[in-house]
Amino acid sequence: MPQLVLWDIDHTLMATRGLGGHLWADAFEQVTGVPLREQADVTGSTERVILRETARLHDIPYSDDLFTRFADALGAAHVRRAAELRERGHALPGAAAVLAALAGRGVHQSVVTGNVRAAAEVKLAVFGLDAYLSLDDGAYGEDGDQRPELLRAALTRTGTKAHDAVFLGDTPADVAGGRAAGVRVVAVATGRTPKADLEAAGADAVLPDLSDTERALTAIGV
């Protein structure tokens, strides 16, 4: 049984149904003074990378200070519009049940996400998923550019060996990141990537969704 299960957030545990993009655009304009015309590809990227590449598309110099201010603005936007997020978005079917089942079996759980921490905390709390997760042990957009960095940060924080951890995500970038970090990867085809593509990316197991709790637990190895 794994000692640690790490979860991606967007399209793995929940969907924000477009509101996330609006909050991102608002935060971008707030810190740059420039309306968002085009956003860099977000699939599998961290907020730091997305901001850096989006700033480049708008001929805006990128700096660590810009990212810090953006992260603060994005987190505040999620807090401010948490009620709207609750109305528009939703936890994906079965997510809460799988988290609860793992917690009930004593499995330590946290998140590895490209979201900045403040935004991640709001999303998880809004949909009632945070109670099952040790968020201090996770890794967020502030912790690095790429998934392998984030996964290694979470492993270090928990003192867990890679072979004792499982990571669940919904993109080929999640699969590649998990493989690079040496953790077992269970992919969930609840995002934009079909099941066959997740299998081709090298996931150890692929689930259509989390609605079948026992099937999910078996894939995770519990």
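Read on for an overview of the structure. Everything quoted here is computed from the prediction, not taken from an experiment.

Points about the packing of aromatic side chains
So, point 1. Applying the stated rule across the entire model yields two aromatic pairs.
So, point 2. With a centroid separation of 5.7 Å and an interplanar angle of 15°, the aromatic rings of Trp24 and Phe28 are classed as stacked. Note that Trp24 and Phe28 are positioned in helix α1 (residues 19-32) at a spacing of four residues, about one turn of the helix.
So, point 3. Sitting over the ring of Phe67, Arg48 keeps its end group 4.2 Å from the ring centre.

A word on the sheet that holds strand β4 (residues 108-111)
So, point 1. Judged by pairing direction, the sheet is parallel, and its five strands sit side by side in the order β4-β1-β5-β6-β7 without closing on themselves. Edge positions in the open sheet fall to β4 and β7 (205-207), since each of these has one partner strand only. Within this sheet the neighbouring strands show an average axis-to-axis angle of 20°, counted without direction.
So, point 2. By the bridge criterion, four bridges tie strand β1 (residues 4-7) to β4 in an arrangement that is parallel. In the strand pairing of β4, Leu4 is matched with His108.
So, point 3. Here helix α7 (residues 147-158) sits on the sheet and contacts β1, β4 and β5 (165-169); the angle it forms with β1, its principal contact strand, is near 145°.
So, point 4. Strand contacts of helix α8 (residues 172-181): β5 and β6 (184-188), with the helix running at about 170° to β6, the strand carrying the most contacts.

Overview of the side chain of Asp174
So, point 1. Relative to the elements of secondary structure, Asp174 occurs in helix α8.
So, point 2. Judged by relative accessible area, Asp174 falls into the buried class, the value being 1%.
So, point 3. Only 2.9 Å separates the side chain of Asp174 from the backbone nitrogen of Asp170, close enough to count as a polar contact.
So, point 4. In this structure Asp174 touches Asp8, Arg147, Phe167, Gly169 and Val185, once residues within four positions along its chain are discounted.

Parameters and conventions
Residues numbered from 1 in each chain as written. Predicted model: local features only at pLDDT ≥ 70, side-chain atom pairs only at ≥ 80, totals over all residues. Heavy atoms only, no water. Phe/Tyr/Trp six-rings, centres within 6.5 Å; stacked < 30°, edge-to-face > 60°. Helix = DSSP H or I, 4+ residues; strand = E, 2+ residues; numbered from the N terminus. Lys NZ or Arg CZ within 6 Å of the ring centre and 35° of its normal. Pairing = 2+ DSSP bridges. Axes fitted to C-alpha atoms, helices over the stretch in contact; angles between N-to-C directions. Contact = heavy atoms within 4.5 Å. Buried < 20%, exposed > 50% of the residue type's maximum accessible area, 1.4 Å probe, protein only. Polar contact = N/O pair within 3.5 Å; in protein donor to acceptor, adjacent residues only side chain to side chain.

Purely spatial values, then, with no claim about function.
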